[in-house]
Amino acid sequence: MNLSELPKGGQAIVVSVRNSRELDPIAHRMRELGFVVDAPVKILARGLFKDSPLVVRVGNTRFALRKKEAERIQIKEVI
Amino acid sequence: MSRTPNQVHRVALVGNPNCGKTALFNLLTGSKQKVANYAGVTVERKEGYCRINEDLSFQVLDLPGAYSLSATSPDEAVTRDVLQGIYKGEAQPELIVCVIDATNLRLHLRFVLELADLGRPMIIALNMMDSARKQNIHIDTIGLTKALGIPILETIATQRDGAANLLAQLAQQHWPTPAHSNNLNIEARYEHVNTLMARYVSQNSTHKHRGFDDQLDGILLHPITGLIVLSFILFFMFQAVFSWAAPLMDGITAGVNLFGNLVTAPIPVESALYSLVNDGIIAGLGNVLIFLPQILILFLFILFLEESGYLPRAAYLMDRIMFRAGLTGRAFIPLLSSFACAVPGIMATRSIQDPRDRLTTILVAPLMTCSARLPVYTLLISAFIPRQQVAGLFNLQGLVLFTLYIAGILSALVVAFSMKWVKRDKSEHAFLMELPAYRIPKVRDLGIGLLHRSNIFLKRVGGIIFSLTVLLWAFCTFPSAPADYMGAAIDYSIAGRLGHMMSVIFEPIGFNWQICIALIPGMAAREVAVSALATVYAMSGSNEMVNQQLTELIAQQWTLPTALSLLAWFVFAPQCISTLAVIRRETNSWRVMGFATFYLFALAYLASFLVFQLSTSLLS
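Residues numbered from 1 in each chain as written. Chains lettered and ligands numbered in written order. Predicted model: local features only at pLDDT ≥ 70, side-chain atom pairs only at ≥ 80, totals over all residues. Heavy atoms only, no water.

Residues and elements named next belong to chain B. The grouping of L468, L471, F475, I494, L498 and M501 at the surface amounts to a nonpolar patch, some 510 Å² of accessible area in total. Of all the secondary structure elements, the ones that give two or more residues to the nonpolar patch are α18 (443-477) and α19 (494-506). Summarising the element assignment, L498 is placed in helix α19. Here L498 falls in the partly exposed class, since its relative accessible area comes to 37%. (Patch = residues over 30% accessible without salt bridge, like charges linked within 9 Å, V, L, I, M, F, W, Y side chains within 5 Å. Areas by Shrake-Rupley, 256 points an atom, 1.4 Å probe, with all protein chains shown as cover. Salt bridge = Lys/Arg side-chain N within 4 Å of Asp/Glu carboxyl O. Helix = DSSP H or I, 4+ residues; strand = E, 2+ residues; numbered from the N terminus. Buried < 20%, exposed > 50% of the residue type's maximum accessible area, 1.4 Å probe, protein only.)

Our next topic: the interface of chain B and chain A. Where the parts come together, the accessible area they lose is often given as the size of the interface. Each partner contributes residues to the interface: chain B has 41 residues there, and chain A has 34 residues. Our count for the contact surface shared by chain B and chain A stands at 7 salt bridges. Those elements that provide at least two residues to the side of chain B that touches chain A are α3 (105-116), α7 (186-200), α8 (208-220), α12 (311-324) and β12 (433-435) of chain B. No other element matches the 6 residues that α12 of chain B contributes to the side of chain B that touches chain A. (Contact = heavy atoms within 4.5 Å.)

Moving on: helix α11 (residues 292-308) of chain B. All names here are of chain B. Taking 1.5 Å per residue, 17 residues should reach 24 Å; α11 reaches 24 Å between its end C-alpha atoms and fits that length. Of all the 17 residues making up α11, 12 are buried; the element is thus mostly covered by neighbouring parts of the structure. Buried within α11 are the following residues: L292, P293, Q294, I295, I297, L298, F299, F301, I302, L303, L305 and S308. Backbone geometry just downstream of α11 places G309 in the positive-phi region, at approximately 95°. (Expected span 1.5 Å × (residues − 1).)

It is possible for side chains bearing opposite charge to pair when their charged atoms get close. Under the defined criterion, the tally for this structure stands at 26 salt bridges over all chains. Residue R110 of chain B pairs with E114 of chain B through a salt bridge whose shortest N-O separation is 2.9 Å. Placement of the pair is R110 of chain B and E114 of chain B together in helix α3, with a separation of 4 residues, close to one helical turn. The same class applies to R110 of chain B and to E114 of chain B, which are both buried. It is possible to trace a salt-bridge network through shared partners that takes in R62 of chain A together with D213, D217 and R313 of chain B.

What follows is about the pairing of strand β1 (residues 7-15) of chain B. Residue and element names in this part refer to chain B. With 7 of its 9 residues buried, β1 lies for the most part within the structure. Alignment of β1 against strand β4 (residues 56-62), held across 7 bridges, turns out to be parallel. Along β4, the bridge assignment pairs V11 with V60. Pairing of β1 with strand β5 (residues 95-101), which is carried by 5 bridges, proceeds in the parallel orientation. Following the sheet pairing, V14 is matched in β5 by C98. (Pairing = 2+ DSSP bridges.)

Residue and element names in this part refer to chain B. The predicted model of chain B has a mean per-residue pLDDT of 85, with 95% of residues at 70 or higher. Ranking the elements of chain B by mean pLDDT puts helix α21 (residues 528-536) last with 74 and β5 first with 95. Overall fold confidence (pTM) sits at 0.82, and the ipTM for the predicted complex is 0.94. (pLDDT = per-residue confidence, 0-100.)

Our next topic: the sheet that holds strand β8 (residues 152-154) of chain B. Residue and element names in this part refer to chain B. In spatial order, the strands read β2-β3-β4-β1-β5-β6-β8; together these 7 strands make up an open sheet with mixed pairing. The strands lining the two open edges of the sheet, one partner per strand, are β2 (33-37) and β8. Averaged over all pairs of adjacent strands, the angle between strand axes in this sheet comes to 25°, irrespective of strand direction. The sheet strands contacting helix α5 (residues 141-148) are β6 (122-127) and β8, and the helix crosses β8 at an angle near 150°. (Axes fitted to C-alpha atoms, helices over the stretch in contact; angles between N-to-C directions.)

What follows is about the nonpolar core. Core analysis: the largest hydrophobic core is formed by 124 residues, its most contacted members being F457, F511, I554, W558 and W569 of chain B. Element by element, the count of residues in this core is highest for α11 of chain B, at 9 residues. A12 and I73 of chain A together with Y200 and V201 of chain B belong to the second-largest nonpolar core, a separate cluster that totals 65 residues. (Core = buried A, V, L, I, M, F, W, Y, C linked by side-chain atoms within 4.5 Å.)

In total, this model carries 13 aromatic pairs over all chains according to the counting rule given. On the numbers, 5.9 Å between centres and 75° between planes, the contact of F236 of chain B with F301 of chain B is edge-to-face. Residue F236 of chain B is found in helix α9 (residues 225-264), and its partner F301 of chain B is found in helix α11; the two are separated by 65 residues along the sequence. For F236 of chain B, a relative accessible area of 49% puts it in the partly exposed group. Here F301 of chain B falls in the buried class, since its relative accessible area comes to 13%. Between the aromatic rings of F511 of chain B and W569 of chain B, the centroid separation amounts to 5.7 Å while the plane-to-plane angle is 80°, which identifies the pairing as edge-to-face. Of the two residues, F511 of chain B is situated in the loop between α19 and α20 (513-519) and W569 of chain B in helix α23 (residues 560-572); the sequence distance between them amounts to 58 residues. Take W569 of chain B: its relative accessible area is 3%, and that puts it in the buried class. Cluster of aromatic residues (ring-pair linked, three or more members): F506, F511, W569, F601 and Y605 of chain B. One residue, R313 of chain B, lies across the ring of Y438 of chain B, its end atom 4.0 Å from the ring centre. Note that R320 of chain B overlies the ring of F49 of chain A, its terminal NZ or CZ placed 3.8 Å from the centroid. (Phe/Tyr/Trp six-rings, centres within 6.5 Å; stacked < 30°, edge-to-face > 60°. Lys NZ or Arg CZ within 6 Å of the ring centre and 35° of its normal.)

So, on to the environment of H500 of chain B. All names here are of chain B. By the secondary structure assignment, H500 is in helix α19. Looking at H500, the relative accessible area reads 34%, which means it is partly exposed. Between the C-alpha atoms of H500 and W513, which are 13 residues apart in sequence, the distance is 5.4 Å. Excluding residues within four positions of it along the chain, H500 makes contact with D491, W513 and I517.

Before going further, it helps to spend a moment on the packing of α9 of chain B against helix α10 (residues 272-289) of chain B. Residue and element names in this part refer to chain B. Here α9 crosses α10 at 155°, and the two axes come no closer than 10 Å. Of the possible angle classes, the one that applies to α9 and α10 is roughly antiparallel. Seen from above, α9 lies across α10 with right-handed handedness. Residues I252, V256, F259, G260, V263 and T264 of α9 pack against Y274, V277, N278, I282, L285, G286 and L289 of α10. Residues belonging to the contact of α9 with α10 are distributed by class as follows: 9 nonpolar, 4 polar and no charged. (Parallel < 35°, antiparallel > 145°, perpendicular 65-115°, else oblique. Left-handed = near helix turned anticlockwise from the far one by under 90°. Nonpolar A, V, L, I, M, F, W, Y, C, P; charged D, E, K, R; others polar.)

Residues and elements named next belong to chain B. Considering all chains together, one arrives at 3 cavities of 30 Å³ or more under this definition. Approximately 80 Å³ is the volume attributed to the largest cavity. Together, V376, L379, L380, I515, A518, L519, A529, V530, L533, W558, L566 and F570 line the largest cavity. Elements that contribute at least two residues to the lining of the largest cavity include exactly α16 (374-384), α20, α21 and α23. By residue class, the composition of the lining of the largest cavity is 12 nonpolar, no polar and no charged. (1 Å grid on protein atoms, 1.4 Å probe; cavity = no way out; pocket = protein on both sides within 12 Å on 5 of 7 lines; lining within 4 Å. Points joined across faces, edges and corners; volume = space filled by probe spheres on them.)

Here it is as C-alpha cells:
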C-alpha cells in the first residue's frame, strides 16, 4: 500500500519511494527529507476529502504532502 | 594562520529551513544588517557584521535555508552555488557555519554529511539546545565532534548570550575541514546518520514537549476546528489592519500636509515651483509613506504567524481549494493581505518557493479588492445605486459592493486557472512542506524583520513610486493653461489632451472625456481618481463638500450604464503605480510588469464594455 491510503493515526514503515517518472525531483527530495527504507511514519492529520493534503511525521519531523506526493511512498503497516 | 590586525573573514551560515538560523544570525550581527537581492534573482541576500575584538571581525552571510545541495528552488540554487564558489559576484565563504536543530538531528545531520563532502572548512552550531534539554534529548557532542572531525558548538539563538561558545570558537580561528563521508547515495547517507544517532544521541522518557505540539496540531490541523481558528485569526488580523492603520494613515497625511505647508510657505502660490513642490514632490512623498502603516501592521502579523510556526499550517489547510484554482496553499496569506493592499501582498509572495506558483500569485494579487478601491466604489454606489431593500433582507448598495468583491475573487481564480491552462504546464508543482515545532516569537526577530520590510519598501519601491508621481504631476501640469482660460487647468496639459484623445477609445464603454482625464492622475492611486474628477469638474472646497457635490453632479450628468461600467473598470484596472512598481521589484522584470499592466487593462476594458453595452440595451 502507499502512504495516501493510511488513515489518520495510522503508523507504518517506508518500503520505498517510487519515481512517478524518470528523474523525479520530488521523489528525490522526499528521500532526502527522510522517507527512506525502514523509516517509521505516522499520519497526524487528514482533510475531509479524498484529495486533501495530509500531514505525516517521519523521524522527528512533520511534513504536509499532497495526495499525489504521498502516493509515491510505498509502506507496510505496523500493527 | 598568522594574525594581522583588522582581519575580516567571510563566514556563511547554512542550514535547513526552521533550524533557527535567522535568529542566530540576528544574535550574531544585531541590527547591523544589509538586505539586498542576489545579482540577477529575487532571492534575498542578508549580510551582517560581527566584531569579535579589535583585531578580528566577521562578515556573516545568511544563506537561504536549504534542505539539500540538489536544489529544487531558486533559494537552494543560490546556497549551492555560493558554497561551491561558482556564484557570479559572490566570493566563496572561508568558513561554513552549519546550523542544525538539536531536536531534529536525523534530518539535519544528513545535510551536515552532504556539506562535509564539499571539503571546505566548517563548524557546526548545534542550535535549540534549550528545547532539546526539555525533550530529554542527550547529545554526546564530544563523541560527535570526533566522528565528524569538526567542532560542534551548542547554541541557543533565542538567549542573549546563547552564541558565546560559537563566538569563542570563531575567535580561535581553528577551522578544520571535515572528514570526507564517502557516502555514495541517499540511503548510504541515512545509514551513516542512523549510526551516528545510535552512538551519540539518546532520548530518555517519552516526548512530553512533542505531546503538546501534537495536541495543538490536533485542533489547528483538523479540517473543521482548524478552519474555525484560521478564520478567527484572519478576522482579527483584518480588524487590526483597518482599525490600527486608519489613524496612523490620517496622521501621516496630516504630517505630510503640515510639512508641505512649511516647505511651500515662502513660495508664491500661483508659481510653477509651488505646484512642483506641493503637487509633485510632497504628493509623491505622501504616496510612498501612506502605505507604511498597512505594510507594517500586515507584516507584523505575517512575521508573527511565520515565526510561531502557524503559517505553513494555514497553507496546509487552504491548499486543496487553492490548488484546484491553479495556485498553492502558500499563496493564501499573500492573496489575503492583498485585500488590504496589493503592495505588502506581493512582497509576501517570497514565502512561495516554486517560481511558477509565485509568479501566478503576483499576477492575480492586484485583482483582490484593496482598500484604495473603496472611496471610488462608495462614491459611485451612493450616487447611482438606490438605498433600497432587496427581498426584504439585503441592502441593494451593500449587495453591489459585495458583488464587486466577489467579482475580484472569481476573476483571480479564472485568471490563475487559465494561466495554468495556457502554459500547458502539466509538470507537478511540489507542495511538500515541513511543519516546524510551535515557538513563541521573539520581539527582536520580529523587530528586525519589520525593519527589513520597511527598508525594502522605502528604498526599493519608494524610489519608483516617488519618481512616477512626480512624472505624473508633470503630465498633468504642462503645458499650463493660459491665464484667461475658464475651465480646469488640466485640460491644457498633456494628460488633458491625452484624456480627450482617449475618449474616442473609451466611448464604447461609456466613459466621457472627464472620466478619461481623471483616470490619468488616478494612476497614482485609485482614490486619487475621485479628487481628480473633482478637479476636472473644477470644484473647490473641503474634501467632504467636494465628495457631496461630486455625488450630486455625477448623478445628474452620468447615465447608470456609465457608472456601472466605471465600477467594473475599477475591479480590474491596475490604477496604481505602487502595485506596478512592486511587481517590477519582486519579479526583477519589466516584462512581467508590462504583461500585468496589459492584461489587467485589457480585462478592465472587456468587462466595462460588456457591462456598458448590456446595461444600455437592457435599460433602453
